[in-house]
Amino acid sequence: MGPVSLALFAPGDDFYPTLDSIQYMRHCLTISELIRDYVTFHIFFAEADLPLGNMPQTEEEALKWPYDCSAMFAPYDNLSKSRLYKNKNKISLPINVGRNVARTSANTHFILSADIELYPSLDLINQFLQLVANNKKLLGGKDKPRVFAMPVFDLDSNAVVPDNKEELMGMYDMGFAVPVHAKSCSYCSLIPGQDKWLAAKDKHRLEVLTVVHRYSNMPFWEPFFIGDNSVPEYDERLSWDRKSDKPFLTHAPGPKPFDPKGNRMETVDGKVNYLLKEYDENYGINDKCEI
């Protein structure tokens, strides 16, 4: 068990059902005490989408927001996606803003930056802290910055999230678990030394399997990793629409559809091409790297 820093995008009228949902989770569930102890919520939105009405101005006011545990449905179970302010106004999810908000608001030194649908393996925190405590040279320092990347898997719609690698490998062998984005962008989230990782037995402790760099034969790698706030922040001008924004992680069960030929890609690709020119001008061109 460890602390969770959760960023929630709630523009305009979406703010109030979001706050209702937070209060319901903090007070009305069997695990509410754990949520109050371990989870911090950080709501964000653009200035142009400021919520109307009696919006709480301080953390204290937000924590006093009323809630109803006797309601027939939880606030988040009674929402229509089509009625959300975000969707009615066709606002893209600024996922990199959310990632930066959650990361910089975390109260721990080490941070696993991950999307909410990604589930880490059990006891990851203790195993990771033991790894770095026993191998302090792994931390690198300012002159040798590094992060600790983990393999990520997509699960079949009917699969149960595995507790450990042994269970995960059983699902992998039966085709119920595959490396994330294996069908849509296999090179984005590939596992360096995949065959070696798959063959390695679960020793119930973390070890460094291999050391790689994000260039040469891995220029498009977008790993999820444990690092700290010395790692550069995500570029907030990129949104989730591009899908190019970032022991093991498993993705929430079910397919993750993505149409690379969708209409929204035309607009997003134009923005990305503009940013690439800016990066080249500011940082120069490195033939080993890709964005």
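Look up a bit, the structure's there.
Just so it is clear, the model here is predicted, and its values are computed rather than measured. (Residues numbered from 1 in each chain as written. Predicted model: local features only at pLDDT ≥ 70, side-chain atom pairs only at ≥ 80, totals over all residues. Heavy atoms only, no water.)

**A look at helix α1 (residues 15-27)**
- Under the 1.5 Å per step criterion, the end-to-end length of α1 is 19 Å for 13 residues, consistent within 8% with the ideal 18 Å.
- For α1, every residue scored as buried is listed here: Phe15, Tyr16, Thr18, Leu19, Ser21, Ile22, Gln23, Tyr24 and Arg26.
- The elements touched by buried residues of α1 are β1 (4-9), α2 (32-38), β2 (39-44) and α3 (59-63). (Helix = DSSP H or I, 4+ residues; strand = E, 2+ residues; numbered from the N terminus. Expected span 1.5 Å × (residues − 1). Buried < 20%, exposed > 50% of the residue type's maximum accessible area, 1.4 Å probe, protein only. Contact = heavy atoms within 4.5 Å.)

**Overview of the packing of aromatic side chains**
- In total, this model carries nine aromatic pairs according to the counting rule given.
- Geometrically, the ring pair formed by Phe15 and Tyr16 is edge-to-face, given 5.2 Å between the ring centres and 85° between the ring planes. Neither Phe15 nor Tyr16 differs from the other in exposure class; each is buried.
- Between Phe110 and Phe128, the ring centres sit 5.1 Å apart and the planes meet at 80°, which makes this aromatic pair edge-to-face. Note that Phe110 is positioned in the loop between α5 (95-105) and β3 (111-112) and Phe128 in helix α6 (residues 124-134), a separation of 18 residues in sequence.
- Here Phe128 falls in the buried class, since its relative accessible area comes to 4%.
- The structure contains a cluster of three or more aromatic residues connected by ring pairs, namely Phe15, Tyr16, Phe45 and Trp65.
- Over the ring of Trp197 we find Lys165, and its NZ or CZ is 4.0 Å from the ring centre. (Phe/Tyr/Trp six-rings, centres within 6.5 Å; stacked < 30°, edge-to-face > 60°. Lys NZ or Arg CZ within 6 Å of the ring centre and 35° of its normal.)

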